[in-house]
Amino acid sequence: MGTYQHNEERRLPVSQLRIGMYVSGLDRPWNETDFPLQGLTILSAADIDRLAGYCEHVFIDVRKSVNYRHGQTPNATEDKASTEHKTDAWKKNYCVETYPVTTSFNRELNSAKYIIDGIARELHRLIGGIDRQRHPDPTTLNERVTELVESVLRNPDALAWLCRVKLLNYPLYLHATRLAVWGCIVGRQLGLNRFALRHLTMALMMSSIGKSFLPESTLEAYSWANLPDEYPLHLNKTLFYLKSFKFSSNDTLDTVSKYCERLDGSGYPSGLRGNAIPFLARVAGLVESFELLIHPFNLKHAIAPASAVILLNKHKDQLFDGSLVEAFIRAIG
């Protein structure tokens with residue numbers, strides 16, 4: 001144990017937290033979180049994940065910490081090793097359910113067609129209302145999301161099949177729908193509970209709102225190898241309108257605000273690393289990356305799902321959590 005200064009507080013990014021540190025303050029009020037007390041000794045990676053869901057920086061009380069040496073900052077090698085060690089924590093903290101297939105593919109397909117069409121109509125109404133400077137109510141869309149989750153839990157193959165074959169005249173709406181379906185299928189495979197599945201599904205669907213305001217040329221120019229200067233602006237647009245919808249929970253906003261971050265800090269808007277990115281935001285970012293590989297806005301750049309899987313594997317533990325990539329690949333079959 002190091003030498004500590006009395007009552008000394010240090011400001012640290014969440015990504016540099018370690019087990020044993022005592023968190024005395026946050027970059028937001030404690031009463032805006034689900035922590036029952038003001039002050040927290042970090043006992044596990046799960047505690048760090050919870051903090052990362054609320055904060056970018058925290059304040060450490062050096063006197064009360066058992067893992068903080070005065071003046072010492074973790075170096076890159078230590079940080080990388082710690083991140084690799086902690087990234088599997090989601091398996092224990094989030095993967096708690098098992099869902100058996102309860103309907104046949106053919107039976108579920110009829111319900112899935114209805115759900116896909118209903119979601120497309122609601123997205124058209126929602127985004128159309130924004131275009132006309134109205135304040136549309138997303139309540140009905142939220143109900144369609146619940147139907148989507150229940151369909152995927154009964155049998156994920158029906159909606160997955162529709163995502164691969166159904167052709168619509170409004171590709172952005174279909175993009176949003178496919179994101180939601182892939183996310184729900186992956187969440188089912190991971191064992192997320194229904195609340196987390198609805199949260200993830202709704203966040204992925206809402207993530208496309210801001211893209212509807214970008215010029216078509218910007219969307220079509222986007223690829224993994226090319227990030228147009230205007231493209232990241234979609235995130236601010238999406239968050240602006242999500243806040244205007246007055247969602248009852250900040251969970252969706254938090255996931256959407258961080259799903260473009262990447263494990264190695266190369267994402268945007270804040271360059272967060274590792275477990276500073278909330279778990280469901282990491283899942284959402286992986287889902288969108290896969291979707292835009294096989295269904296880019298410029299279809300000339302589309303690659304086969306098998307090639308997309310190879311590319312995701314190539315970037316394991318760089319852009320995406322390696323264990324999460326493996327679970328994702330199992331989920332999409």
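Remember, predicted model here, so these are calculated numbers, not experimental data. Counting from 1, residues in each chain are numbered in the order their sequence is written. Only residues with pLDDT of 70 or above have their local features reported here, since the model is predicted, and side-chain atom pairs are shown and tallied only from 80 upward, although totals for entire chains, interfaces and linings are computed over all residues. Side-chain descriptors were evaluated using all non-hydrogen atoms of the structure, hydrogens and water having been removed beforehand.

**Topic: unusual backbone geometry**
Part 1 of the argument: Here the amide bond leading from Y268 into P269 is cis, since omega sits at 10°, within 30 degrees of zero.
Part 2 of the argument: Within the element layout of this structure, P269 appears in the loop between α11 (251–258) and α12 (279–294).
Part 3 of the argument: Phi at D317 takes a positive value of approximately 60°, unusual for a residue other than glycine.
Part 4 of the argument: In this text, helices come from DSSP runs of H or I with a minimum length of four residues, and strands from runs of E with a minimum of two, each type numbered from the N-terminal end. Along the chain, the position of D317 falls in the loop between α13 (305–314) and α14 (322–332).

**Remarks on the side chain of K211**
Part 1 of the argument: Structurally, K211 can be placed in the loop between α8 (194–206) and α9 (216–221).
Part 2 of the argument: Any two residues whose heavy atoms approach within 4.5 Å are treated as being in contact. Aside from chain neighbours lying at most four places away, what touches K211 is L172, H175, L179, L219, Y231, H234, Y259, E288 and F297.

**Some remarks on helix α1 (residues 45–52)**
Part 1 of the argument: For the exposure calls, accessible area comes from a 1.4 Å probe over protein chains only, and a residue counts as buried if that area is under 20% of its type's maximum, exposed if over 50%, partly exposed in between. Counting buried residues in α1 gives 6 out of 8 residues, a clear majority hidden from the surface.
Part 2 of the argument: Taken together, the buried positions of α1 are A45, D47, I48, D49, L51 and A52.

**Quick look at the pairing of strand β2 (residues 22–26)**
Part 1 of the argument: Counting buried positions along β2 gives 4 out of 5 residues, so the element sits mostly inside the fold.
Part 2 of the argument: Of the strand pairs in this sheet, β2 and strand β4 (residues 57–61) are connected by 3 bridges, and their pairing is antiparallel. Looking across to β4, one finds that G25 is bridged to F59. DSSP calls a pair of strands paired once it identifies at least 2 bridges connecting them.

**Thoughts on the confidence of the model for the protein chain**
Low-pLDDT stretches of the model should not have their predicted coordinates read in fine detail.
Part 1 of the argument: Residue-level confidence of the predictor is summarised by pLDDT, bounded by 0 at the bottom and 100 at the top. Per-residue confidence for the protein chain gives a mean pLDDT of 81; residues scoring 70 or more make up 84%.
Part 2 of the argument: The least confident element of the protein chain, judged by mean pLDDT, is helix α2 (residues 76–86) at 42; the most confident is α12 at 95.
Part 3 of the argument: Within the model, pLDDT remains below 50 along residues 1–6, and this stretch shows 13 contacts once partners closer than five positions in the same chain are excluded.
Part 4 of the argument: Contacts for the low-pLDDT stretch residues 69–86, under 50 throughout, to residues beyond four places or in other chains number 19 contacts.

**A few points about the packing of aromatic side chains**
Here a ring pair, both rings aromatic, is described through the centre-centre distance and the interplanar angle of the planes.
Part 1 of the argument: Centres within 6.5 Å are what make two rings of Phe, Tyr or Trp a pair, Trp counting through its six-membered ring; a difference in plane orientation under 30 degrees is then read as stacked, over 60 as edge-to-face, and the rest as tilted. Tallied over the entire structure, the rule returns 6 aromatic pairs.
Part 2 of the argument: Between Y222 and Y231 the ring centres are 4.2 Å apart and the planes differ by 15°, which places this aromatic pair in the stacked class.
Part 3 of the argument: Aromatic side chains F240 and Y241 sit 5.0 Å apart centroid to centroid with 85° between the ring planes, which places their arrangement in the edge-to-face category.
Part 4 of the argument: Assessed through its relative accessible area of 16%, Y241 is described here as buried.

**So, the sheet that holds strand β1 (residues 9–13)**
Part 1 of the argument: Across the sheet, 4 strands lie side by side as β1-β4-β2-β3; this open sheet has antiparallel pairing. Looking at strand neighbours, the two that pair on one side only are β1 and β3 (40–41), the edges of this open sheet.
Part 2 of the argument: For β2 and β3, the ladder comprises 2 bridges, and the chain directions are antiparallel. When the bridges of β3 are listed, V23 appears paired with L40.

**Regarding the environment of L311**
Part 1 of the argument: Within the secondary structure, L311 is located in helix α13.
Part 2 of the argument: Sequence-distant contacts of L311, that is, excluding residues within four places in its chain, are made with W224 and L293.

**Let's talk about the packing of α13 against α14**
Part 1 of the argument: Where helices are involved, their axes are fitted lines through C-alpha atoms of the stretch in contact, as for all axes, and angles between N-to-C directions lie from 0 to 180°. The geometry of α13 relative to α14 is characterised by a closest axis approach of 10 Å and an angle of 165° between their N-to-C directions. The orientation of α13 relative to α14 falls into the category roughly antiparallel. The crossing of α13 and α14 is left-handed. Facing V309, L312 and N313 of α13, the residues of α14 in contact are V325, F328, I329 and I332.
Part 2 of the argument: By residue class, the composition of the contact of α13 with α14 is 6 nonpolar, 1 polar and no charged. With respect to orientation, any angle under 35 degrees is reported as roughly parallel, any angle over 145 as roughly antiparallel, any angle of 65 to 115 as roughly perpendicular, and every other angle as oblique. Less than a right angle of anticlockwise turn of the near helix away from the far helix marks a crossing as left-handed, whereas a clockwise turn marks it as right-handed. Gly falls in the polar group here, along with every residue not listed as nonpolar (Ala, Val, Leu, Ile, Met, Phe, Trp, Tyr, Cys, Pro) or charged (Asp, Glu, Lys, Arg).

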